[in-house]
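Observations on chain architecture
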Amino acid sequence: RFLVSVRQGAGALRAGAFDWVETGNSAVLGFKRFTEVDEVLCLFNLSDQEQTIEETNDRALLDLLSRSGKNYQAGELTTLGPFAAHWLAAGRHSE
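Residues numbered from 1 in each chain as written. Predicted model: local features only at pLDDT ≥ 70, side-chain atom pairs only at ≥ 80, totals over all residues. Heavy atoms only, no water.

Section: the overall build of the protein
Let me state the cut-off plainly: Each helix corresponds to a stretch of at least 4 residues labelled H or I by DSSP, and each strand to a stretch of at least 2 residues labelled E; elements are numbered beginning at the N terminus. Any two residues whose heavy atoms approach within 4.5 Å at even a single point are treated as in contact. For the area figures, the Shrake-Rupley method with a 1.4 Å probe applies, and any residue is considered shielded solely by the protein chains shown. Only four residue types enter the tally: Lys and Arg on the positive side, Asp and Glu on the negative side, with His and both chain ends excluded. Every charge is mapped to an atom, namely NZ of Lys, CZ of Arg, CG of Asp or CD of Glu.
Helix and strand counts for the protein stand at two helices and eight strands. Considered along the principal axes of its C-alpha atoms, the protein spans approximately 30 × 25 × 25 Å. For the protein, the proportion of contacts with a sequence separation of at least 24, taken over those separated by at least 6, is 52%. Carbon and sulfur atoms form 48% of the exposed surface of the protein, whose accessible area is close to 5600 Å². Computing the positive centroid from 9 side-chain charges and the negative centroid from 13, the protein places the two 12 Å apart.

This is how it looks when you write it as structure tokens:
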């Protein structure tokens, strides 16, 4: 239910365009979904080890999968825990 609710609340996840994101790490899958007003960066660590990625966020982002509403400052998210998943919202979600 939580994932469905998050997806329904983010226009970019429902109806946004899709583009792959280069993470600089073959163990980390990255893509973004975006509209004119929303953008969500989706990152997935596909391994059982912590992974480092290239700096992918140039602005503050809200992790939509964090029940506590975790915010990341520009450049802060550079490592992902084992099997971690992050849906990071920019635009109106991070303000």
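A word on the packing of aromatic side chains
How we decide: Centres within 6.5 Å are what make two rings of Phe, Tyr or Trp a pair, Trp counting through its six-membered ring; a difference in plane orientation under 30 degrees is then read as stacked, over 60 as edge-to-face, and the rest as tilted. The rule is short: NZ of Lys or CZ of Arg within 6 Å of the ring centre and within 35 degrees of the ring normal puts a charge over the ring.
Scanning all chains against the criterion turns up four aromatic pairs. On the numbers, 6.3 Å between centres and 85° between planes, the contact of Trp20 with Phe31 is edge-to-face. Of this pair, Trp20 sits in strand S1 (residues 17–20) while Phe31 is found in strand S2 (residues 28–34), placing the two residues 11 residues apart along the sequence. Feature note: the residues Phe18, Trp20, Phe31 and Phe44 constitute an aromatic cluster, connected by ring pairs. The ring of Phe34 is capped by Lys32, whose NZ or CZ atom sits 5.4 Å from the centre of that ring. A cation sits over an aromatic face here: Lys70 above Tyr72, 4.9 Å from the ring centre.

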